[in-house]
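Here is how the chains run, residue by residue.
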Amino acid sequence: MTDGTNAGAAAPNADTHLEAPSAPLERFVRLCVPLTGFSAFDLHGTGMAPLYLDTTRRELGEGHLENFLSRWEQAQAEGKGPAELPPTEREIARALVYLWYTGAWPRIAPAVHAELRRDRPNGESMASATSYPEGLVWRAFGGHPGGAKPPGFGTWSYPPPTLPTEAEIAESITQSAATATRPYDPTAYGALANLLDEESVPPHLLPGACVTRSVPPSAVPCAAPPPETGSGSPAKDVSER
Amino acid sequence: MTVNTTGSAVDGRHFDVIIVGSGWAGSLLARHLGRQNWRVLVLEAGNGGTDTWEGFQDTVRTFSAAVVKASNAAYRTSAAAPFPDVLDLRSTGPSSYTTSGHFEQTGPFPYAGDYLRALGGTGMHWFGAVPRMFPEDFATRTNFGYGADWPVTAMDLERHVREAELLIGTAGDGAEQHRLGVVADPEYQYPMEEIPPSYLDARFHRLLDGRSVTDKIAESAYTLQVYGLPQARNSTPNPAWDDGSGNPYRPRGAVGMPNFGERCVGNASCTPICPVQAKSHPLRLQQDFTDSVRLATRCVVSRVLPGRGGTVRGVEFREYGDPATPSSRPYTVEADIVVLAAHSIENAVLLLASGMANSSGNVGRHLMDHPTLLAWAEMPANDPVGAFRGPGHTSGLECFRTGQGRRKRAPFRIEISNWGWGWSTGAPLSSVARMLGLGGDANGEVRHGGYFGPKLRRDLGQQVNRQIQLQIAMEQHAERNNRVTIDPARYRDGMGNPRPIIHYDLDHRVKDGLYAAREVSKAIFKLLNATDHTNLGVQDDGSHPLGYFTHTPGGDLPPQDLGYRGPGHAAGTHIMGTRKSTSVVDADQRTHDHPNLYAVGCGSMPSIGTSNPTLTMAALALRSAERIHRDLAELHQPVTVATSHLAGKRAAE
């Protein structure tokens, strides 16, 4: 919905829209990072960022969306958190997080629904059939979405994974932001590959020839018999990794 | 290989058997009779297509797109063959509700279950729990003074239960089930090894086994013991299983995709849908149909046609082209034997609409479910269990299901849910909303505070991983006034067929059972050192949950907020018995009134104990298949017709 009264609010940023086609999306994702607690890398990685921007635009209208984004940008500049936003923006921030966490646009507080004068019913709806498996809530507890991305037979018998602390999450977001600005550098990967040259992995830790598919991985012989005990430190190093 | 046909192609034709419904019961019967070369026609009211890879993927996408992953979430609604949905019901106050959709409801409490009209029936969205019934469950009247006795015993059904466990494809621990007391043979082997128990089950084992809980209603102490659940879910083939052929058991996977789905991979969405089809469903059996079986979908049977001398002649049905519109054409088809296998509630509607099999007045009566109390709690911070992993539940606490406590209150089975607070609160989606403070307060105003960013992610993850839930299913015994009726003058579906009108209530035994279950859940949470978050009373927004009531069993026990959910284990609408005056079908599920009309399914069960009823239903279907084969064999021997029991019965009438 394009709301005539809010068209002016969108205009000042028209220049940034023109700078690069992906700029509004970059901005949307960047502003969602502190709301969701997931890095821009993670958010882009869901593959849902363009859909969610569209969904939010459709649910709120271009004007209200722009209003929200600029206010949230301003609040951040003032060192405020999302909980300190004015009520309407706070509820929109919650709806956005809900969208990222579940793949669905939620039913929002009726007061905000009325204030925004939305042209659609205030109900919960899945952004798309593909958005549900990309919900971040499943990742938040180290799980997987019910009915998608199954972890394999018997995995449920194991203890749940240890979750990162709040500080670790914040740290990973900062790190991700730092690396994300760096352009793709193939030599960086080349350098990494150099760390593991052919000699550094002893043959007895590599699998031998797998003759047929009927041979289970556990039965595939090693490329070489294991060395005598205490034969050399490189092998030990690698196995400890 | 399933041979599909259409309604128009079979119009006016004659078959040996017509089976109405392609769910577990119908598919087992059709498979069995087809292998004996009887010409069988299966008429399915619902939509097909899921027997292909693409068609099945379409249902997976429908499930993904659904906001609420309720049991019918993977299937589109149908105007031509409508079916109920758990989301049809809404609470409107402390003891009132409204319903929309397929059911009319007139009772003080809602019948809160659903079913599915589609190829494979409700067997497409079932969970796949296949516990056996206890021998004592078959005679509650004799043993405990309530309910109705079966005309058969657990021993009578044993052979067919085994066959059903094989055909459905069951994973379980035979020795453990023997210790539990439901399997007589200590050496019994299921075709597959038990589904690995969850980590949560292991915690329960550790913290609960051997501990004692007092049930004040039953006035008895119970020693807790966690048992694994036999499931119709693909697991490791059991090397000790032996059918005499010398061949190992090979799990059966997806239809339309060979070598796929032969193990459960932990999608954790058994109900509504297992995306890899490691959960067994009736389409597997339909793959085995011989050429003499014909199957037509989108054919809604509206009436059983009467024949001469108390027999039935065939059925009248309407075939539609588009599930979204009820426009359809009427056809008739005839058969020597008609089998209704359309779900207990639809069977009752069909019999009532046809004016058949009801000389006892018991068609539609004795409707039962397993009213299920949910109790949910949070494990301590240092003991996360990892919710939403694996099949919905893999173990349970069984001690409250049997014994003299049944004289005082309904017995119950405690399912240990692996899916956190999913059923009770809609977690983890609701957990996100709650932690954010989303959706406004009771006045619709924006809430204060709320968590965002790393704190939200961290706290949410911690909280969800500690969610535990007990699903405590009551036995509900047969009562005449819990019933399905029709009123064609007022309530019809789009195609003109009568809709079910349901009158449902909970009696004091069930209420006492729910009370006891709530007390037991509190004691269990205490033993687990878990924080009880169960709220069955007024919710944050001032509303009351569906099925809410307060109850005290009397004495000095204080009243308590209680509630229940309906798992949709509908049973008892045409119960079996030896006497024509009090039951609808005999021990082979043949109607007392019509020698060649069978009504099969959970509707025939006079009691359902605390076991999910599919396995017992499947065993009954196999029993009926043998009887129908005998009937048909006699019918097709003209020389001996005069002495056959069918003809004899006809002559007597």
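Residues numbered from 1 in each chain as written. Chains lettered and ligands numbered in written order. Predicted model: local features only at pLDDT ≥ 70, side-chain atom pairs only at ≥ 80, totals over all residues. Heavy atoms only, no water.

**Student:** Would you take a moment to explain the overall build of chain B for this structure?
**Tutor:** Helices and strands together make up the secondary structure of chain B, namely 15 helices and 23 strands. For chain B, the C-alpha radius of gyration of 24 Å lies close to 26 Å, the compact-globule estimate for 653 residues. With the C-alpha coordinates aligned to their principal axes, the bounding extent of chain B is approximately 80 × 55 × 55 Å. Of all 653 residues assigned to chain B, the portion counted as buried reaches 63%. Partitioning the intrachain contacts of chain B with sequence separation of at least 6 by distance along the chain shows that 72% fall at a separation of at least 24. As presented, chain B carries roughly 22,400 Å² of accessible surface, and 49% of it is formed by carbon and sulfur atoms. In chain B, 64 side chains carry a positive charge and 66 a negative one; their mean positions are 1 Å apart. (Helix = DSSP H or I, 4+ residues; strand = E, 2+ residues; numbered from the N terminus. Rg over C-alpha atoms; globule rule 2.2 N^0.38 Å. Buried < 20%, exposed > 50% of the residue type's maximum accessible area, 1.4 Å probe, protein only. Contact = heavy atoms within 4.5 Å. Areas by Shrake-Rupley, 256 points an atom, 1.4 Å probe, with all protein chains shown as cover. Lys, Arg positive; Asp, Glu negative; His and termini not counted. Charge placed at Lys NZ, Arg CZ, Asp CG, Glu CD.)

**Student:** I'm lost on the overall build of chain A in this one. Help?
**Tutor:** Counting its regular elements, chain A contains 12 helices and two strands. Along chain A, from the amino end to the carboxyl end, the secondary structure elements read α-α-α-α-α-α-α-β-α-β-α-α-α-α. Residues classed as buried in chain A amount to 38% of the 241 residues present. Contacts spanning at least 24 positions in sequence make up 56% of the contacts within chain A whose residues lie at least 6 apart. On chain A, roughly 13,200 Å² of surface is accessible, and the fraction owed to carbon and sulfur atoms is 58%.

**Student:** For this particular structure, what's the right way to read the nonpolar core?
**Tutor:** In globular proteins that are soluble, nonpolar side chains generally tend to be buried together. Core analysis: the largest hydrophobic core is formed by 217 residues, its most contacted members being Tyr101 of chain A together with Leu43, Phe204, Val315, Ile468 and Ile524 of chain B. Considering every element that reaches this core, the biggest residue donor is helix α14 (residues 614-635) of chain B, with 10 residues. Grouped together as the second largest cluster of nonpolar side chains are 10 residues, Trp156 of chain A together with Trp241, Tyr249 and Cys274 of chain B included. (Core = buried A, V, L, I, M, F, W, Y, C linked by side-chain atoms within 4.5 Å.)

**Student:** What exactly am I supposed to notice about the interface of chain B and chain A here?
**Tutor:** A common way to state how big an interface is: give the accessible area lost once the parts meet. Counting residues at the interface gives 60 residues for chain B and 60 residues for chain A. Buried surface at the junction of chain B and chain A, summed over both partners, amounts to about 4,600 Å²; 67% is from carbon and sulfur atoms. It is Val446, Phe452 and Arg457 of chain B that lose the most area in chain B upon contact with chain A, and together they represent 17% of the buried surface on that side. At the junction of chain B with chain A, the criterion picks out zero salt bridges. Taken together, the connections running from chain B to chain A amount to 22 residue pairs in polar contact (both at pLDDT 80 or more). Where the side of chain B that touches chain A is concerned, the elements lending two or more residues are α3 (53-65), α11 (429-436) and α12 (453-464) of chain B. The residue makeup of the side of chain B that touches chain A, split by class, is 29 nonpolar, 22 polar and nine charged. (Buried area = accessible area lost by both parts, 1.4 Å probe. Salt bridge = Lys/Arg side-chain N within 4 Å of Asp/Glu carboxyl O. Polar contact = N/O pair within 3.5 Å; in protein donor to acceptor, adjacent residues only side chain to side chain. Nonpolar A, V, L, I, M, F, W, Y, C, P; charged D, E, K, R; others polar.)

**Student:** Sorry if this is basic, but what is going on with the packing of aromatic side chains here?
**Tutor:** By convention here, two paired aromatic rings are described through the distance between centres and the angle between planes. Enumeration over the complete set of coordinates arrives at 24 aromatic pairs over all chains. Between the aromatic rings of Tyr52 of chain A and Trp100 of chain A, the centroid separation amounts to 4.8 Å while the plane-to-plane angle is 90°, which identifies the pairing as edge-to-face. Pair noted here: Tyr52 of chain A is in helix α5 (residues 49-60) and Trp100 of chain A is in helix α7 (residues 87-102), with a separation of 48 residues, a long-range link. Between Tyr132 of chain A and Trp138 of chain A, the ring centres sit 6.0 Å apart and the planes meet at 80°, which makes this aromatic pair edge-to-face. Judged by its relative accessible area of 4%, Tyr132 of chain A falls in the buried class. For Trp138 of chain A, a relative accessible area of 5% translates into the label buried. Ring pairing ties together the aromatic residues Phe103, Phe109, Tyr111, Tyr115, Tyr504, Phe549 and Tyr564 of chain B, which thus form one cluster. Stacked on the ring of Phe549 of chain B, the Lys or Arg Lys511 of chain B has its end atom at 5.3 Å from the ring centre. (Phe/Tyr/Trp six-rings, centres within 6.5 Å; stacked < 30°, edge-to-face > 60°. Lys NZ or Arg CZ within 6 Å of the ring centre and 35° of its normal.)

**Student:** Would you take a moment to explain the pairing of strand β7 (residues 212-215) of chain B for this structure?
**Tutor:** For a regular strand, side chains alternate in direction, first toward one face of the sheet and then toward the other. Residue and element names in this part refer to chain B. In β7, alternate side chains face the same way, and those of Val213 and Asp215 are buried while those of Ser212 and Thr214 on the opposite face are not. For β7 and strand β8 (residues 220-223), the ladder comprises four bridges, and the chain directions are antiparallel. Paired with Thr214 across the two strands is Ala221, which belongs to β8. Connecting β7 to the antiparallel partner β8 that follows it, the hairpin turn spans four residues, and Glu219 within it adopts a positive phi of roughly 55°. (Pairing = 2+ DSSP bridges.)

**Student:** Quick question: what am I supposed to make of the domain arrangement of chain B here?
**Tutor:** All names here are of chain B. As assigned here, chain B comprises domain 1 (1-76 + 116-180 + 280-369 + 479-492 + 571-653) and domain 2 (195-229 + 371-474 + 507-563). Look at where the C-alpha atoms of domain 1 and domain 2 centre, and you get two points 34 Å apart. Contacts between the two partners involve 24 residues from domain 1 and, on the opposite side, 25 residues from domain 2. Our count for the contact surface shared by domain 1 and domain 2 stands at two salt bridges. Among the ionic pairs, Arg406 bridges to Glu136, the shortest N-O distance being 2.8 Å. Counting every contact that joins domain 1 to domain 2 gives nine residue pairs in polar contact (both at pLDDT 80 or more). At the level of elements, α4 (140-144) and α6 (174-180) are the ones that each hand at least two residues to the side of domain 1 that touches domain 2. Here the element with the most residues in the side of domain 1 that touches domain 2 is α6; it accounts for four residues. Partitioning the side of domain 1 that touches domain 2 into residue classes produces nine nonpolar, eight polar and seven charged. (Domains from an automatic or database assignment.)

**Student:** What should I look at first to understand the side chain of Ser269 of chain B in this one?
**Tutor:** Structurally, Ser269 of chain B is set in the loop between β9 (226-228) and α8 (282-287). Under the relative-accessibility criterion, Ser269 of chain B is labelled buried at 4%. Setting aside anything within four residues of it in sequence, one finds Ser269 of chain B in contact with Gly146 and Gly147 of chain A together with Phe63, Cys274, Pro275 and Trp419 of chain B.

**Student:** Teacher, can you tell me more about the packing of helix α3 (residues 23-36) of chain A against helix α6 (residues 62-77) of chain A here?
**Tutor:** Packed helix pairs are specified by the crossing angle of their axes together with the interaxial distance, meaning the distance between the axes. All names here are of chain A. Orientation of α3 relative to α6, taken along the N-to-C sense of each, is 55°, at an axis distance of 11 Å. With respect to α6, the axis of α3 lies oblique. In this structure, the crossing between α3 and α6 has a hand that is left-handed. From α3, Arg27, Phe28, Arg30, Leu31, Pro34 and Leu35 reach across to α6, where they touch Glu66, Phe68, Leu69, Ser70, Trp72, Glu73 and Gln76. Here the contact of α3 with α6 is built from residues that sort into seven nonpolar, two polar and four charged. (Axes fitted to C-alpha atoms, helices over the stretch in contact; angles between N-to-C directions. Parallel < 35°, antiparallel > 145°, perpendicular 65-115°, else oblique. Left-handed = near helix turned anticlockwise from the far one by under 90°.)

**Student:** Sorry, what's going on with the sheet that holds strand β6 (residues 104-105) of chain B here?
**Tutor:** Sheet strands pair via backbone hydrogen bonds, and the direction of the pair is either parallel or antiparallel. Residue and element names in this part refer to chain B. Across the sheet, three strands lie side by side as β6-β19-β18; this open sheet has mixed pairing. Only two strands of the sheet have a single neighbouring strand rather than two, namely β6 and β18 (483-485). Of the pairings in the sheet, the one linking β18 to strand β19 (residues 501-503) comprises three bridges and is antiparallel in character. Residue pairing for β19: Val484 is matched across the bridge by Ile502. Contacts from helix α9 (residues 344-354) reach β18 and β19, with the element oriented near 45° to β18.

**Student:** Can you help me understand the sheet that holds strand β14 (residues 372-378) of chain B in this one?
**Tutor:** Residues and elements named next belong to chain B. Spatially, the six strands line up as an open sheet ordered β9-β15-β16-β17-β14-β20, and their pairing is antiparallel. Each edge of the open sheet carries a strand with a single partner, namely β9 and β20 (531-532). Inspection of the sheet shows strand β16 (residues 412-417) paired to strand β17 (residues 467-474) by six bridges, in the antiparallel sense. Bridge pairing links Ser417 to Gln469 in β17. Helix-sheet contacts for helix α13 (residues 508-527) involve β14, β15 (393-397), β16, β17 and β20, and the interaxial angle to β17 is about 155°.

**Student:** Sorry, what's going on with the confidence of the model for chain A here?
**Tutor:** When pLDDT drops low, the exact placement of atoms in the prediction is not to be read closely. Per-residue pLDDT for chain A has a mean of 81; in total, 73% of the residues score no lower than 70. Throughout residues 1-21 of chain A the model reports pLDDT below 50, and contacts reaching past four residues in sequence, or to other chains, amount to 21 contacts. (pLDDT = per-residue confidence, 0-100.)

**Student:** Can you walk me through the pattern of salt bridges in this structure?
**Tutor:** Side chains carrying opposite charge are able to pair once their charged atoms draw close together. Under the defined criterion, the tally for this structure stands at 47 salt bridges over all chains. A salt bridge links Lys149 of chain A to Glu134 of chain A; its shortest N-O distance comes to 3.2 Å. Separated by 15 residues along the polypeptide, Lys149 of chain A in the loop between α9 (136-140) and α10 (166-181) and Glu134 of chain A in the loop between β2 (125-126) and α9 bring together distant segments of the chain. The network of salt bridges with common partners includes Asp586, Asp588, Arg590, Arg623, Arg627 and Asp631 of chain B.

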